[in-house]
Amino acid sequence: MKKVMLVFGTRPEAIKMCPLVNELKAHPEDFQTTVCVTGQHREMLDQVLRVFGVEPDYDLNVMRPQQTLFDITCDVLTKTKGVLEDAKPDVVLVHGDTTTSFAAALACFYAQVPVGHVEAGLRTHDLFSPWPEEFNRQSVDLVSEYYFAPTETSRQNLLDEGKPEGKIFVTGNTGIDALRTTVRPDYENGILEWASDSRLILITAHRRENQGEPMHRMFRAIRRVMEEHDDVKAVYPIHMNPVVRRAAHEELDGCDRLRIIDPLEVLDFHNFLARCNLVLTDSGGIQEEAPGLGKPVLVMRDTTERPEGVEAGTLRLVGTGEETIYAAFTRLLDDPAEYERMSQASNPYGDGFACARIARILGAGR
């Protein structure tokens, strides 16, 4: 029996790791599964845990007011040491590109515990975009024993960097697995009722590198389009960051067909995503989830580590310039053929069975 520990701490990680936790726990004859959460996001993390019915065995509870990357890195690194000494796992699984994943992987490297990187190999090749995520992801891949790459492009990135071919496995993305749990045909919500007479736009924006003037440009472009299309309504579940909130309220308040709401729990968010018309985002995971539901995505970033969606036609990289976002958003609303082309493009991120593949790979090595 292999002792597998999963370490994660943010809402996006939890959405993609909880299905894997449950897959591994469904095979107790093969795996002793332990969950350690860092609490890098607190309330948002706990909401996801409840939806998937995951109970952590360890909780580092590192979140503090005005925490910095220095705080998170130091706390996760030092507290993970004690968890590794207590649990003695055979392998630790981390996810993606967060500071939690970087610091936990570094702790494993120091303790000489093998690391499995779920969602390995994504690259922009620019350490400052997205920041600090690109550094985190590349750093985790430096110390990993298992590379669970979601796509062939990710696999090729790893091969190009000299990673051992025999340790790279293309599995699909576990975020697509999560949708099979969360999207429900009988879901109802008052905000969806409010928007039922219009095309619904879903907005997310929070990235560190976009804060400041880029975010103001993004919001100004969105507002202009909303004011020109009276058959459109928008919902923006806003990040808790006060810098993001201040910019959003300065640019978007007073637009009666755009609602700024508190962050949605994962079940709500995925069902909003399933029922919207299109998405504007600077997030990462939504670039994978939305294509799985047939939703076009305008990515308000200058780079993306998910080029497969751009190549497939499900995503369009529009940067943070006001005029570029305005033009792309307007075109999707006004050009039915363009909208159809993006919404019907095939999803390159998997079939919803990534977790089962990862479990089989780990089990074969026991």
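Everything below is about the structure shown above.
Each chain carries its own residue numbering, running from 1 in the written order of its sequence. Per-residue local features of the predicted model are confined to residues with pLDDT of at least 70, and side-chain atom pairs are confined, for both listing and counting, to 80 or more; whole-chain, interface and lining totals are unaffected and use all residues. Each side-chain value is worked out from all heavy atoms of the structure, with water and hydrogens disregarded.

Asks: How should I be thinking about the overall build of the chain in this particular structure?
Replies: Only DSSP runs of H or I covering at least 4 residues are called helices, and only runs of E covering at least 2 are called strands; the numbering of each starts at the N terminus. Looking only at helices and strands, the chain has 16 helices and 13 strands in total. At 20 Å, the chain has a C-alpha radius of gyration in line with the 21 Å of a compact globule built from 366 residues. For the C-alpha atoms alone, the extent of the chain along its principal axes is close to 60 × 40 × 40 Å. Burial classification: accessible surface area is computed with a 1.4 Å probe over protein chains only, and a residue below 20% of its type maximum counts as buried, one above 50% as exposed, and the rest as partly exposed. Sorting the 366 residues of the chain into buried and exposed places 59% on the buried side. Should any heavy atoms of two residues lie within 4.5 Å, those residues are considered in contact. Put simply, of all contacts in the chain between residues at least 6 apart along the chain, 68% involve residues at least 24 apart. Accessible surface computed for the chain: about 14600 Å², of which carbon and sulfur atoms make up 50%. Charge convention: Lys and Arg are scored as positive, Asp and Glu as negative, and His as well as the terminal groups of each chain are ignored. To locate a charge, take NZ of a lysine, CZ of an arginine, CG of an aspartate or CD of a glutamate. Measuring between centres, the 40 positive side-chain charges of the chain sit 2 Å from its 57 negative side-chain charges. Put simply, the radius of gyration uses C-alpha atoms, and a globule should come to 2.2 Å times the residue count raised to 0.38. Throughout, the Shrake-Rupley method with a 1.4 Å probe supplies accessible areas, and for residues the shown protein chains are the sole cover considered.

Asks: How should the side chain of Glu289 be read in this particular structure?
Replies: Its place among the elements puts Glu289 in helix 12 (residues 286-292). For this document, the term salt bridge refers to a Lys or Arg side-chain nitrogen within 4 Å of an Asp or Glu carboxyl oxygen. The buried charged residue Glu289 lacks any salt bridge, with Lys16 as its nearest oppositely charged partner at 6.0 Å. Side chain to side chain, Glu289 and His270 meet in a polar contact 3.2 Å long. Distance and chemistry together define a polar contact, namely a pair of N or O atoms within 3.5 Å, with one atom able to donate a hydrogen and the other to accept it when in protein, and with adjacent residues in sequence counting only for side-chain atoms on both sides.

Asks: What's the story with a nonpolar patch on the surface in this structure? I'm lost.
Replies: Like-charged residues are merged into a patch within 9 Å and nonpolar side chains (Val, Leu, Ile, Met, Phe, Trp, Tyr) within 5 Å, provided each residue has over 30% relative accessible area and no salt bridge. On the surface, Leu127, Phe128, Trp131 and Phe135 cluster together into a nonpolar patch covering about 420 Å² of accessible area. Considering the arrangement of structural elements, one finds Phe128 in the loop between strand 5 (115-118) and helix 5 (133-143).

Asks: Where do I start with the sheet that holds strand 10 (residues 258-261) in this structure?
Replies: Whenever strands of a sheet pair, they do so through backbone hydrogen bonds, lying parallel or antiparallel. Taken in spatial order, the 6 strands of this open sheet run 10-9-8-11-12-13, and their pairing is parallel. Looking along the sheet, the strands with just one partner apiece sit at the ends: strand 10 and strand 13 (315-317). The average undirected angle you get between the axes of adjacent strands in this sheet is 20°. Note on pairing: DSSP must find at least two bridges between two strands before they are called paired. Where strand 12 (residues 297-299) lies against strand 13, 3 bridges are found, and the strand directions are parallel. When the sheet's bridge partners are listed, Val299 is paired in strand 13 with Leu317. On the sheet, helix 15 (residues 336-344) packs against strand 11 (278-281), strand 12 and strand 13 and is oriented at approximately 110° with respect to strand 13. Note on geometry: axes are lines fitted to C-alpha atoms, helical ones only across the stretch in contact, with angles between N-to-C directions running from 0 to 180 degrees.

Asks: Please clarify how the pairing of strand 11 should be interpreted in this entry.
Replies: Looking down a regular strand, the side chains alternate between one sheet face and the other. Every second residue of strand 11 is oriented toward a common face, with Leu278 and Leu280 on one face and Val279 and Thr281 on the other, all of them buried. Both strand 11 and strand 12 contribute to a ladder of 3 bridges, which runs parallel. When the sheet's bridge partners are listed, Leu280 is paired in strand 12 with Leu298. Handedness rule for crossovers: strands pointing away from the viewer, path from the first strand over the helix to the second running clockwise, crossover right-handed. Since strand 11 and strand 12 lie parallel, the crossover through helix 12 that links them has a hand, and here it is right-handed.

Asks: What should I look at first to understand the sheet that holds strand 3 (residues 58-59) in this one?
Replies: Taken together, 7 strands build an open sheet; the order of strands is 3-2-1-4-5-6-7 and the sheet is parallel. On the outer flanks of this sheet lie strand 3 and strand 7 (168-170), each paired with one strand and no other. Across 3 bridges, the pairing between strand 1 (residues 2-8) and strand 4 (residues 91-95) is parallel. Residue pairing for strand 4: Leu6 is matched across the bridge by Leu93. In the packing of helix 1 (residues 11-25) onto the sheet, the strands contacted are strand 1, strand 2 (31-37), strand 4 and strand 5, and the crossing angle to strand 1 comes to about 165°.

Asks: Sorry if this is basic, but what is going on with helix 7 (residues 174-182) here?
Replies: An α-helical segment advances 3.6 residues per turn. Residues three or four places apart therefore align on the same side. Within helix 7, 7 of the 9 residues are buried, which leaves it mostly tucked inside the rest of the structure. Looking only at helix 7, the buried set comprises Thr174, Gly175, Ile176, Asp177, Ala178, Leu179 and Thr182. The backbone nitrogen of Gly175 has a side-chain oxygen 2.8 Å away, supplied by the residue at the start of helix 7, namely Asn173.

Asks: I keep staring at the nonpolar core and nothing clicks. Help me out?
Replies: What tends to happen in soluble globular proteins is that the nonpolar side chains get buried as a cluster. Among the buried residues, those of types Ala, Val, Leu, Ile, Met, Phe, Trp, Tyr and Cys that are joined through side-chain atoms within 4.5 Å form a nonpolar core. Counting 33 residues, the largest nonpolar core has Ile201, Phe219, Ile222, Tyr236, Leu280 and Phe329 as the members making the most contacts within it. Elements with a contribution of two residues or more to this core: strand 8 (199-204), helix 9 (213-228), strand 9 (232-237), helix 10 (242-252), strand 11, helix 14 (322-334) and helix 15. Broken down by element, the residue count for this core peaks at 7 residues, all from helix 9. When near neighbours in sequence (up to four residues on either side) are disregarded, Tyr236 contacts Ile203, Thr204, Ala205, Phe219, Val244, Ala248, Leu252, Arg259, Ile260 and Ile261.

Asks: Can you walk me through the pairing of strand 8 in this structure?
Replies: Most of strand 8 sits out of view: 5 of its 6 residues are buried. Two strands pair when backbone bridges link them, and strand 8 and strand 9 are joined in this way by 4 bridges, in the parallel orientation. Note on strand 9: the bridge partner recorded for Leu200 is Lys233. Taken together, the 4 bridges between strand 8 and strand 11 define a ladder with parallel strand orientation. Paired with Leu202 across the strands is Val279, a residue of strand 11.

Asks: Can you help me understand the side chain of Thr80 in this one?
Replies: Summarising the element assignment, Thr80 is placed in helix 3 (residues 69-87). Take Thr80: its relative accessible area is 1%, and that puts it in the buried class. Side-chain polar atoms of Thr80 contact the backbone oxygen of Val76, separated by 2.6 Å. Ignoring any residue separated from it by four or fewer positions in sequence, one finds Thr80 in contact with Leu60, Ala104 and Ala107.

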